[in-house]
Amino acid sequence: MTTMIDNNFKNEKAPRNLGLYIHIPFCRTKCLYCDFCSFVSRDEQQREAYVGALSREIEARGTKDYSVDTVYFGGGTPSLFSAEQIGRILGEIKESFNVSPDAEITLECNPMTVSDGDEYFKELRVLGVNRLSLGVQSAVDGELKLIGRRHSFEEAKATFLAARGAGFDNISVDLMLGIPSQTLDSLRASANQVIKLAAEHVSIYSLQLEEGTPLYRMRERYSLADDDAAADMYELVVKMMKDAGYRHYEISNFARSGRESKHNCKYWRLDEYLGIGLAAHSDFGGKRLENTRDMERYLGGEWLQTESYISNSEREFEFLMLGLRTADGISKSEFLARFGVDFDKKYGKKVEKFKKMGYFCEKGDTLALTERGFEVSNAILTEILDFDY
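What comes next concerns the included structure. Here the residue numbering is sequential within each chain, running from 1 through the sequence in written order. Only residues with pLDDT of at least 70 get local features here, since the model is predicted, and only at 80 or more are side-chain atom pairs given and counted; chain-wide, interface and lining totals rely on the full set of residues. Hydrogens are left out, water is left out, and the side-chain values use all remaining heavy atoms of the structure.

## Remarks on the overall build of the protein
- In this text, helices come from DSSP runs of H or I with a minimum length of four residues, and strands from runs of E with a minimum of two, each type numbered from the N-terminal end. A count of helical and extended segments in the protein gives 15 helices and 17 strands.
- Any residue under 20% of the maximum accessible area for its type is buried, any over 50% is exposed, and the rest in between are partly exposed; the area is computed with a 1.4 Å probe on protein chains only. Evaluated residue by residue, the protein yields a buried proportion of 52% over its 389 residues.
- Here the analysis covers contacts within the protein between residues at least 6 apart in sequence; of these, 71% occur between residues at least 24 apart.
- Looking at the protein as shown, the accessible area adds up to about 18000 Å², and 48% of this sits on carbon and sulfur atoms. Note on contacts: a residue pair qualifies if any of its non-hydrogen atoms lie within 4.5 Å across the two residues. Surface accessibility in these figures is a Shrake-Rupley result with a 1.4 Å probe; residues are shielded only by whichever protein chains are displayed.

## Some words on the nonpolar core
- Joining through side-chain atoms within 4.5 Å is the link that ties buried Ala, Val, Leu, Ile, Met, Phe, Trp, Tyr and Cys residues into a set, and such a set is a nonpolar core. If you look at the biggest cluster of nonpolar residues, it comprises 92 residues, and the most contacted ones within it are Ile 22, Phe 73, Ile 89, Phe 121 and Leu 124.
- Top contributing element to this core by residue count: helix 8 (residues 227-243), with 7 residues.
- Sequence-distant contacts of Phe 73, that is, excluding residues within four places in its chain, are made with Ile 22, Ile 24, Pro 78, Ile 86, Ile 89, Leu 90, Ile 105, Thr 106, Leu 107 and Glu 108.

## A few points about the sheet that holds strand 17 (residues 366-369)
- One open sheet holds the 3 strands; their spatial order is 15-17-16, and the pairing between them is antiparallel. Looking along the sheet, the strands with just one partner apiece sit at the ends: strand 15 (330-331) and strand 16 (360-363).
- Any two strands with at least two DSSP bridges between them are considered paired. One ladder, built from 2 bridges, connects strand 15 with strand 17; its direction is antiparallel. Across the sheet, the residue bridging to Ile 330 is Leu 367, located in strand 17.

Below, the structure written as C-alpha cells:
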C-alpha cells in the first residue's frame, strides 16, 4: 500500500540534511554477475511510465522539513534515460523537496549507453548533475567480455573524455577485482589505466558470485581468485592508488582531497536517506523502508512494500560495522551519546587484542582500522560484533 512517511524526527531549529537515491532499473544488457533489481528493456513506453511513477512517488514522499544535499541516480543504467527524462525527475525533486544550492547530484553511467556523449553530458550539466560514476571495471577487453560488459576499454575512455570535455570535474570510476582469469599483472595494467584517467574518485569491487546469476552457473569454467589471491589483488590496488595520491577513505573507496562521495558517506554515518523507485531502500524517520520489486505494482502507485522501526541493537551494530569501514573510524563519545553504553566496557577487550596486532589505531576519542586492519576487516568485525559472514 502507498503510505506517507511519519516524520518523527523533525528539527525545529534548522532543516536536517537528507539524501535521495533514485533507482533506474533499466539496462541495455544484463551483466553476467549482476543480481541487482535491473532488467533489459527497450520499451520506451515503459520507461516513460516509470518516469511518471517516480514523479508521483517523489511528490508523495516530499517534505520541506529537510535540506536535500545529495541526489544519486543509480541502477541499472541511469544513462539510458534521456537528459529530458532526467530533467523531469530532478524538476519534481526540486518541487517536492528543499534542494541545497550546492547539492551533490550524481548519475551512474555505463560506456556505450550515450549516443551523443558530448551533447548529453552538456545537457546533464545544465540540469545540475555535477558528478558522474562511470562503470569501467577493467582495462582488459577479454576480462570485460567474460563478465558480460559490452564495451571496450577504449570506449570507456572515450566516454570519460567526453564527460571531461563537457565540464565534469568530479568523476568516479569503478574497478573490479577477482574477475575470472584476472591476474595480478592484468589488474596492475587496469589500475594503471584508471590512474592515467585522473578521475577524482575510484571505487573498487571484489567480484561476488551470487546464486542465480549466469556467472554463478558458469563458475566451473573459469579460474577464480581464492582468498589469498583476492587479498593480494586488494593490497596491490590500495598501494597503487595511495602512491598516485588518492586518499583511502573507506575500505573500497579512494578520492582526491575533498572529492569523497558525499552521498555514500551518508550510509556509513547512518544519516537519513530516502530511496525512490523500484526495490529502493530507505533509512528515514527511524524506519527502514523497502519498495516493491514488482513493476506493475510500482507503475500502479503501490510503491511501499515493507516498513519497520530500527531497533537500538540494530543501530548499534550498523554504527560500528559501517563506521569502522571508514578511515575516520568511530567516536567513542558519540557511541556513548547514541546508545548510553561505554564502548570500552563492552568491546574493549576484543579491540585491545587486535590493537596489539596492529589492526587498530586510536587517536584520542577515535578508533579506526589501520590499512592492515582494512585487509582483514571482515574477520575482525565478525569476532568483535559476534556474527557470521
